[in-house]
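# Descriptive analysis of the structure
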Amino acid sequence: MTTLAHAAQVVDEAARTATAIPQFTENGPLGVEEAYAIQTLSLERRLARGEKLVGIKMGLTSRAKMVQVGVDEVIWGRLTDAMRLEEGGSLSHKRYVHPRIEPEIAFLMKRDLSGAASPAEALSAVEAIAPAMEVIDSRYRNFKFALPDVIADNSSSSGFVIGNWSRPDQDFSNLGMVMEVDGRPVQIGSSAAILGHPIRSLVAASRAAATIGGLKAGWIVLAGGATAAHPLSVGETVRTVVQNLGSVSISVGE
Ligand code: 0L1
Ligand code: MG
C-alpha cells in the first residue's frame with residue numbers, strides 16, 4: 001500500500017476524470033480506519049477545489065446490500081454541493097464510470113446532532129424528510145471492491161437528487177417505494193428495508209459523524225438504498241415515488 005495521501009489522490013482523480021482504477025486491496029491489506037482516512041483526504045482535495053460539505057450518506061443500510069458485500073456494518077460517505085442534481089433535471093452519463101441509481105429517503109437537519117442518540121432524539125433534530133435518489137458510481141473496475149476499497153471511494157457516493165420536503169411528524173417507517181424507468185417499475189420496496197426504519201439510519205449517521213464534528217443544522221443525510229440499484233443508460237428517465245411523500249426524478253443525458 002502506498003501512502004494514504006497518494007491513495008486519496010488516486011481515488012480523487014479517478015472520480016474527477018471518470019476513470020476506472022484497480023482495487024487498493026489487490027495490492028495488500030487495507031484497514032477500515034485507513035480507508036476512512038483516505039476518504040477524508042480525498043474529500044479535502046475536493047474542498048480545496050471549492051466544493052462545500054453539505055451532509056453525509058449512509059450505505060449498506062439494507063440487509064440485501066450487507067449480504068451482497070458480506071458485512072454487517074453500515075458505512076458512510078460525504079455529500080458535497082457539487083454532487084447535488086436538480087430535481088427533474090438531467091445528469092451527464094459521461095461524468096461517471098458506470099453509474100447506478102437507488103431510491104432513498106433524505107433527512108434535512110434542523111439542528112446539530114452528534115454521537116449516541118435515541119431514535120426520538122434523532123427525530124427531534126430533523127426539519128424535514130423527502131423522497132430522494134442517490135447516484136452511486138464505484139471508481140473500481142467492474143464495480144468490484146472489498147469493504148475498505150468502497151469506504152476509501154466515498155462509499156460509492158457520486159450524486160443525489162431530492163424531491164419536495166415534508167414534515168417529519170408522520171409515520172415514515174414503512175412507506176411503499178417504487179422506482180420507475182420511463183414509467184416502468186424496476187424496483188419495488190419499502191422504507192422499512194432501511195434498517196427496519198429510516199430513523200435508525202439517522203441514529204447511525206449521528207454516531208458516525210461524531211468523528212468529523214457531528215451532523216450540522218442544514219445538512220442532508222441520505223438514509224440508504226431501499227432496494228437494489230439500477231444501472232443507468234443514456235436516454236432513460238428515472239422516477240421514484242414514495243407513498244405519502246411524493247416523487248423525485250432525473251433524466252440521463254450523454
Ligand atoms: O449507498 C450504498 O448502499 C452503496 C454503498 C456501496 C456499495 C455499492 O456501491 O453498491
Ligand atoms: Mg445509497
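Everything discussed here concerns the structure shown above.
Not measured: the values here are computed from a predicted model.

Relative to the 24 Å expected for 17 residues at 1.5 Å per residue, helix α2 (residues 32-48) spans 24 Å between its end C-alpha atoms, a close match to the ideal helical length. Following α2 by one or two positions, G50 adopts a phi angle in the positive range, close to 110 degrees.

Take the site of ligand 1 next. As a structural note, the neighbourhood of ligand 1 is formed by K57, G59, L60, K65, E102, E134, I136, F143, F145, V150, S155 and S156. L60 is positioned such that a nitrogen or oxygen atom in its backbone is 2.9 Å from an oxygen atom of ligand 1. Residue S156 places a side-chain N or O atom 2.7 Å away from an oxygen atom belonging to ligand 1. Of all elements in the fold, only β1 (53-59) and β6 (126-136) reach the threshold of two or more residues within the shell around ligand 1.

With that out of the way, let us pick up the pattern of salt bridges. Tallying each qualifying case throughout the model produces nine salt bridges. With its nearest N and O atoms 2.9 Å apart, the salt bridge here joins R16 to E13. Separated by three residues within a single helix, R16 and E13 lie in helix α1 (residues 4-17), roughly one turn from each other. Taking relative accessible area as the criterion, R16 reaches 49% and is therefore assigned partly exposed. A relative accessible area of 26% means that E13 is categorised as partly exposed.

Next up on the list: the coordination of the magnesium ion (ligand 2). Donor atoms from the polypeptide that coordinate the magnesium ion (ligand 2) comprise E102 (OE), E104 (OE) and E134 (OE), at 1.9 to 2.0 Å from the metal. All donor residues of the magnesium ion (ligand 2) come from one chain, and their arrangement in sequence is E-x1-E-x29-E. Separated by 30 residues along the polypeptide, E104 in strand β5 (residues 100-109) and E134 in strand β6 bring together distant segments of the chain. For the pair E104 and E134, one class covers both residues: buried.

About the thresholds
Residues numbered from 1 in each chain as written. Chains lettered and ligands numbered in written order. Predicted model: local features only at pLDDT ≥ 70, side-chain atom pairs only at ≥ 80, totals over all residues. Heavy atoms only, no water. Helix = DSSP H or I, 4+ residues; strand = E, 2+ residues; numbered from the N terminus. Expected span 1.5 Å × (residues − 1). Near = heavy atom within 4 Å. Polar contact = N/O pair within 3.5 Å; in protein donor to acceptor, adjacent residues only side chain to side chain. Salt bridge = Lys/Arg side-chain N within 4 Å of Asp/Glu carboxyl O. Buried < 20%, exposed > 50% of the residue type's maximum accessible area, 1.4 Å probe, protein only. Donors = N, O, S within 2.8 Å, 3.2 Å for Na, K, Ca; no water.

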